[in-house]
Amino acid sequence: MQQADLNLTGILDHLLKGHPVEKNEIKYLLGLSDPEDTSLLFEAAQNVRTRYFGNKIFLYGFLYFSTHCRNNCNFCQYRQSNTMLPRYRKTQNEILTAAREMTDAGVHLIDLTMGEDPEFYSLGENGFNHLVSMIKIVQNETKLPVMISPGTLPDKVIVELAAAQVSWYACYQETHNETLYKALRQGQGFKKRLAKKQLAKSLGMLIEEGILTGVGETLDDLADSIIWMRDFSVDQARVMTFVPQAGTPMAKTTPQNNLMELIIIAVMRLVLPDRLIPASLDVNGLSGLKARLTAGANVVTSIVPPEKGLAGVANHSLDIEDSRRTLDHILPIVKACGLLPARPEEYLSWTVARQKTLIRSSAKKG
Ligand code: SAM
Ligand code: MD0
Ligand code: SF4
């Protein structure tokens, strides 16, 4: 559409009919602020979610098993130079106990996350044997699909994990503007991080990409990220609002309210209609769940069991020890939104169908 012809109902109509979307249309939607307009946007996003997923929601258990990290991301409290923070590295038994508890509660996937822990990373590609065997044990014991969020693993380790049928690799770029990336993830290669995702994808793993909002990005940057996610054909697309952290260079950044995150979720839903989009409990905890589901998200992530000393990422402890990140608290909110948790078979069949589509499209590309 020409710039002068852009209008909300026209763009939504265009998207709902499945027409390819243009960058100026994405930017127009991202710039909405009038409550009447944003409600129309959220309504369209919900309609699209219903079209592809009915009323079913997926549930991800989050297990941050090591908070040690060699990197110095400016936004992250777990950056190496933050010495104010108590850190932990969970044992295999502790990891299994927490994974089993979440499995029994009914999550559909276990997300195994760590900082770029020097215990593994300082030994090069040979330092990851324990990690690989721990991941296999969690798969075998829980029988659930596993997502790994371990940072930029050596290629050989990604190959091993793909061969072990690990379903998902999550490695967030945060932004696709290389200059902003360099300010956020100082000293970490932009292209290297992209290449890890490309490798995992080429080996048949499903990929989650993620961006931050409230870190100085422009609407143009956000539109570029959404287009990047579409062109890469990511399987899960995440956005989280940056939460300023004490002890980091971005501690004094003015926090952004949640509206932008909700708008981005809705736009992602319209541009990537059949993909998974998280409502993370990590940003605003349980009280932020309804708004994210209303914006079109279809996966509740960062479900964390209490009494295990486990941490979140954007918020170290928000809602964890008072059990507000458990299914007992989450499911009533899901249901109040007119939604239901999927059966485990439904989640599994989504991932299998998605992997088949990817194999077919890579065979076509030859
Ligand atoms: N260390 C691995 C890595 O960086 O890829 C795995 C952890 S990763 C899942 C942590 C993610 O949480 C970051 O990529 C970022 O998107 C998000 N995050 C970290 N600090 C945050 C903050 N202060 N506010 C919001 N999101 C944050
Ligand atoms: C979440 N705290 O789901 C987690 C984390 C890592 N794959 C995900 C950011 O919100
Ligand atoms: Fe480390 Fe990941 Fe935090 Fe960056 S985002 S400092 S890599 S834990």
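The structure under discussion appears in the preceding block.
Below you will find a few notes about this structure. (Residues numbered from 1 in each chain as written. Chains lettered and ligands numbered in written order. Predicted model: local features only at pLDDT ≥ 70, side-chain atom pairs only at ≥ 80, totals over all residues. Heavy atoms only, no water.)

To continue, consider the site of ligand 3. As a matter of local geometry, ligand 3 sits amid Tyr-64, Cys-69, Asn-71, Cys-73, Phe-75, Cys-76, Arg-79, Gly-115 and Arg-185. In this structure, ligand 3 is accommodated by the largest cavity. Of the residues belonging to the shell around ligand 3, the class tally is 5 nonpolar, 2 polar and 2 charged. (Near = heavy atom within 4 Å. 1 Å grid on protein atoms, 1.4 Å probe; cavity = no way out; pocket = protein on both sides within 12 Å on 5 of 7 lines; lining within 4 Å. Sits in = over half its atoms within 2 Å of the grid points. Nonpolar A, V, L, I, M, F, W, Y, C, P; charged D, E, K, R; others polar.)

All right, on to the packing of helix H3 (residues 35-53) against helix H11 (residues 259-271) then. Axis separation between H3 and H11 bottoms out at 9 Å; the angle between their running directions is 40 degrees. In terms of orientation, H3 and H11 fall into the oblique class. The crossing of H3 and H11 is left-handed. For the pair H3 and H11, the contacting residues are Thr-38, Leu-41, Phe-42, Ala-44, Ala-45, Val-48, Arg-49 and Phe-53 in the first and Leu-259, Leu-262, Ile-263, Ala-266, Val-267, Arg-269 and Leu-270 in the second. Counted by class, the contact of H3 with H11 contains 12 nonpolar, 1 polar and 2 charged residues. (Axes fitted to C-alpha atoms, helices over the stretch in contact; angles between N-to-C directions. Helix = DSSP H or I, 4+ residues; strand = E, 2+ residues; numbered from the N terminus. Parallel < 35°, antiparallel > 145°, perpendicular 65-115°, else oblique. Left-handed = near helix turned anticlockwise from the far one by under 90°. Contact = heavy atoms within 4.5 Å.)

Moving on: the side chain of Ser-280. Position of Ser-280 relative to the elements: it lies in strand S7 (residues 278-280). Given the relative accessible area of 4%, Ser-280 is considered buried. In this structure the side chain of Ser-280 is engaged in a polar contact, spanning 3.0 Å, whose partner is the backbone nitrogen of Asp-282. Excluding its chain neighbours within four sequence positions, the residues that come into contact with Ser-280 are Arg-238, Met-240, Arg-292, Thr-301 and Ser-302. (Buried < 20%, exposed > 50% of the residue type's maximum accessible area, 1.4 Å probe, protein only. Polar contact = N/O pair within 3.5 Å; in protein donor to acceptor, adjacent residues only side chain to side chain.)

Compared with the 32 Å implied by 1.5 Å per residue over 22 residues, the 32 Å span of helix H15 (residues 344-365) between its first and last C-alpha is a close match. Taken together, the buried positions of H15 are occupied by Tyr-347, Trp-350, Thr-351, Arg-354 and Leu-358. With its buried residues spanning 90 degrees around the axis, H15 presents them on a single face. Away from its buried face by more than 90 degrees, H15 exposes Lys-356, Ile-359, Arg-360, Ala-363 and Lys-364. Looking at the packing, one finds that the buried side of H15 touches H3, strand S1 (56-66), strand S2 (109-114), strand S4 (168-170), helix H9 (190-202) and strand S5 (206-213). (Expected span 1.5 Å × (residues − 1). Arc of directions from axis to C-beta.)

Counting buried residues along S5, 8 of its 8 residues qualify, which places the element largely inside the surrounding structure. What you see with S5 is no split at all: Leu-206, Glu-208, Gly-210 and Leu-212 on one side and Ile-207, Glu-209, Ile-211 and Thr-213 on the other are buried throughout. One ladder, built from 3 bridges, connects S4 with S5; its direction is parallel. Bridge pairing links Trp-168 to Leu-206 in S5. Read from S5 through helix H10 (residues 219-232) to strand S6 (residues 236-241), the crossover connection turns out right-handed. (Pairing = 2+ DSSP bridges. Right-handed = clockwise from strand over helix to strand, strands pointing away.)

Taken as a whole and judged by the stated rule, the model has 2 cavities of 30 Å³ or more. Each pocket or cavity is described by its volume, and for the largest cavity that value is around 700 Å³. Along the walls of the largest cavity sit 43 residues, with Phe-75, Tyr-172, Glu-174, Arg-185 and Val-313 positioned nearest its centre. Those elements that provide at least two residues to the lining of the largest cavity are S1, S2, S5, S6 and strand S8 (299-303). Of all the elements, S1 adds the most residues to the lining of the largest cavity, at 4 residues. Of the residues that constitute the lining of the largest cavity, the class distribution is 20 nonpolar, 15 polar and 8 charged. Its volume calculated, the second largest cavity comes out at about 30 Å³. (Points joined across faces, edges and corners; volume = space filled by probe spheres on them.)

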